[in-house]
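Coordinate analysis (summary)
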Amino acid sequence: VVIREIPQDGYWSNITLAEDDLVIDAGSNVGAVSILTAAKYPRVRIVAVEAVPFTWVYQQVNIHALLPAEHVASGRIISGLAALGADADGTLQMQ
C-alpha cells in the first residue's frame, strides 16, 4: 500500500507495487495517474476518486477508452464521484 503523495517528477522511479496492493487516487481528475498505474501494474487494485462531476465524466470516458475491458469488469479499477472534508470540530456535512 502506498501511503504518500507521488511527486510530479519521476514518480515511477521509486515505486514498486505488489499484485495485491491497493492504490487510492484521491483527486484523480481525468484519471491519468490511475490509467498509467493500471497499465504498468495490471494486477493492483485502483480506486480513482474525483469530486467534480464534469471532470469525473471524462475520467469514466478515459478509463473505458484506454484500459482493457477486463480491468473494469474485474473491479481492478473502480471510479467514484465523491468529496469528503470535515469542519474544524470534526463533523462532516454530506449533500
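Refer to the preceding data block for the structure.
Residues numbered from 1 in each chain as written. Predicted model: local features only at pLDDT ≥ 70, side-chain atom pairs only at ≥ 80, totals over all residues. Heavy atoms only, no water.

Digging into the overall build of the chain
Put simply, the rule is: Elements are defined by DSSP. Helices are runs of H or I of four residues or more, strands are runs of E of two residues or more, and each kind is numbered from the N terminus. Buried means the residue's accessible area, taken with a 1.4 Å probe over protein chains only, is under 20% of the maximum for its type, while exposed means over 50%, and partly exposed covers the values in between. For the accessible areas, the method is Shrake-Rupley and the probe is 1.4 Å, while residue cover comes only from the protein chains on display.
Counting secondary structure elements, the chain contains 3 helices and 3 strands. Counting helices and strands in the order they occur from the N terminus, the chain gives β-α-β-α-α-β. When the 95 residues of the chain are sorted by exposure, 25% land in the buried category. Accessible surface, the chain: about 6500 Å² in total, of which carbon and sulfur atoms supply 59%.

Remarks on a nonpolar patch on the surface
Under the convention used in this document: Patches here: salt-bridge-free residues with over 30% relative accessible area, like charges joined within 9 Å, nonpolar side chains (Val, Leu, Ile, Met, Phe, Trp, Tyr) joined within 5 Å. Note on definitions: salt bridges are taken to be side-chain nitrogens of Lys or Arg within 4 Å of carboxyl oxygens of Asp or Glu.
A cluster of nonpolar side chains, Val52, Phe54 and Tyr58, forms an exposed patch at the surface whose accessible area comes to about 330 Å². Tracing the backbone shows Phe54 in helix H2 (residues 53–66). Looking at Phe54, the relative accessible area reads 58%, which means it is exposed.

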